Amino acid sequence: MKKRILLLAGGQSGEHEVSLMSARSVLGALPRDQFDVTPVVISKQGRWLPPTETQRALESGEAATGGDLVLHRVASAEGYDAVFPLLHGPMGEDGTVQGLLTLAGIPFVGSGVLGSSVSMDKVMTKQVLASAGIAQVEWRLAVRREWQQTPDAVRARAAELGFPLFVKPANLGSSVGISKVGTPDELDGALNLAFGLDRRVILEAMTSHKPREVEVGILGNDAPIASPVGELRFDAEFYDYETKYTEGRATMHIPAPLPPEVAARVQAAALTAFRALDCAGLARVDFFYVEETGELLLNEVNTMPGFTTTSMYPKLFEAAGLSYSELVTRLVGLALEER
Ligand code: ATP
Ligand code: MG
Ligand code: MG
Ligand code: MG
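Because the structure is predicted, anything quoted here is derived from the model rather than measured.

### Concerning the site of ligand 1
Taken together, 23 residues lie around ligand 1, and Lys 122, Lys 168, Ser 174, Ser 175 and Glu 213 are the ones closest in. One of the side-chain N or O atoms of Asn 302 is found 2.8 Å from an oxygen atom in ligand 1. When isolated, ligand 1 has an accessible area of 620 Å², and the protein chains bury 96% of it. Of all the secondary structure elements, the ones that give two or more residues to the shell around ligand 1 are β5 (165–169), β7 (200–205), β11 (281–290) and β12 (295–302). Across the shell around ligand 1, the residue classes tally to nine nonpolar, six polar and eight charged. Two domains each provide a minimum of three residues to the shell around ligand 1, namely domain 2 (119–135 + 209–336) and domain 3 (139–205).

Structure follows, in structure tokens:
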């Protein structure tokens, strides 16, 4: 019997378009002799689109409006063997959709409510990983109400970290809303941008030197494995949205040219993080490697990483001998596994 799979894509976050690109790749790769796949695109307003509108959105790469309220549509998810929530960012990668699917009793690809929500929030991630003994940059939390009522307290907290520093919405991805703040006079603009996108904002010290950016894929449930380590190189102040998604701006190096001992540290720390955060299925764990000092700092954990055929996560497992189509098949298998 073929497995019936519901593929969710799009969604309400700033990564709507990125998700649709990933979804096109996954749709093309799930073997049709094993799976019956139904895509459903979620509009930017959070509504689930019927088949013709879904098709149109997959082709155009965007769905601003249209569709039905999610609670009207979730009953239609019944009868599927598994859901692949290929959604990035808030209202998709953050435990919300995972909660809905858990309530509906439908298995799904990736982390559950706890792993998704904790990994989505950069502050919660840092707190959990610190308690697991994982090295990270220094950071501070600020919430919107504070920024509105006592901005000087927030500015003082930022100054404790020194400049340059990074300002980020705590719950986002694809570098949306992230600024590298070089001097104090750039701080307010960066905070306004980040607070426009999230109630919680993280301030992060910059690594002591411009870091090398290395990433590793994790695959599995309770016995996860790590992929080879990859490295991103680009010519920009930091890995911002444009650099991420403009063809030719960044290059991927797999395996990363690292001493084997450093690569082994990356894989071990990523596996520790995956377990500490209660992740499942998959995650891409991003690190800063400061060559000058030998420091390895965990930056973040992405529980639903970019998933086009040329994205880092599938490329890392391809280097480990797993084709894109074998990888997505394995992920559905992990969703159906008894845990
Ligand atoms: P993703 O698309 O991987 O989910 P994201 O939006 O969650 O990304 P981060 O990975 O936290 O964002 O940061 C984006 C980029 O900003 C990093 O890849 C790096 O280039 C730069 N950066 C972020 N924080 C720091 C830091 N503390 N020190 C140096 N560079 C940083
Ligand atoms: Mg991220
Ligand atoms: Mg992300
Ligand atoms: Mg990142």
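### Re the side chain of Thr 125
Following the sequence through the fold, Thr 125 ends up in helix α6 (residues 122–131). What makes Thr 125 buried here is its relative accessible area of 3%. Here Thr 125 is in contact with Val 118, Ser 119, Gln 136 and Leu 277, once residues within four sequence places are set aside.

### Some words on the packing of aromatic side chains
A complete count under the given rule lists eight aromatic pairs for this structure. Aromatic side chains Trp 147 and Phe 195 sit 6.3 Å apart centroid to centroid with 15° between the ring planes, which places their arrangement in the stacked category. With Trp 147 in helix α7 (residues 144–149) and Phe 195 in helix α9 (residues 187–195), this pair connects stretches of sequence that are 48 residues apart. The exposure classification of Trp 147 matches that of Phe 195, with both residues buried. With a centroid separation of 5.8 Å and an interplanar angle of 45°, the aromatic rings of Phe 307 and Tyr 313 are classed as tilted. Grouping residues by exposure puts Phe 307 and Tyr 313 together as buried. Residue placement shows Arg 4 over the ring face of Tyr 80; its charged tip is 4.4 Å from the ring centre.

### What about the pattern of salt bridges?
All chains considered together, the criterion is met by 20 salt bridges. The salt bridge involving Glu 62 is made with Lys 44; its shortest N-O contact spans 3.0 Å. One end of the pair, Glu 62, is in the loop between α2 (51–60) and α3 (70–73); the other, Lys 44, is in the loop between β2 (35–42) and α2, with 18 residues separating them in the sequence. Here Glu 62 falls in the partly exposed class, since its relative accessible area comes to 38%. Residue Lys 44 is classed as partly exposed on the basis of its relative accessible area of 31%. Glu 204 is the partner of Lys 126 in a salt bridge, and the nearest nitrogen-oxygen pair spans 3.2 Å. With Lys 126 in helix α6 and Glu 204 in strand β7, the pair connects residues that are 78 residues apart, well separated along the chain. With respect to burial, Lys 126 and Glu 204 carry one shared label: buried. It is possible to trace a salt-bridge network through shared partners that takes in Arg 212, Glu 231, Arg 233 and Glu 291.

The rules we used
- Residues numbered from 1 in each chain as written.
- Chains lettered and ligands numbered in written order.
- Predicted model: local features only at pLDDT ≥ 70, side-chain atom pairs only at ≥ 80, totals over all residues.
- Heavy atoms only, no water.
- Near = heavy atom within 4 Å.
- Polar contact = N/O pair within 3.5 Å; in protein donor to acceptor, adjacent residues only side chain to side chain.
- Areas by Shrake-Rupley, 256 points an atom, 1.4 Å probe, with all protein chains shown as cover.
- Helix = DSSP H or I, 4+ residues; strand = E, 2+ residues; numbered from the N terminus.
- Nonpolar A, V, L, I, M, F, W, Y, C, P; charged D, E, K, R; others polar.
- Domains from an automatic or database assignment.
- Buried < 20%, exposed > 50% of the residue type's maximum accessible area, 1.4 Å probe, protein only.
- Contact = heavy atoms within 4.5 Å.
- Phe/Tyr/Trp six-rings, centres within 6.5 Å; stacked < 30°, edge-to-face > 60°.
- Lys NZ or Arg CZ within 6 Å of the ring centre and 35° of its normal.
- Salt bridge = Lys/Arg side-chain N within 4 Å of Asp/Glu carboxyl O.

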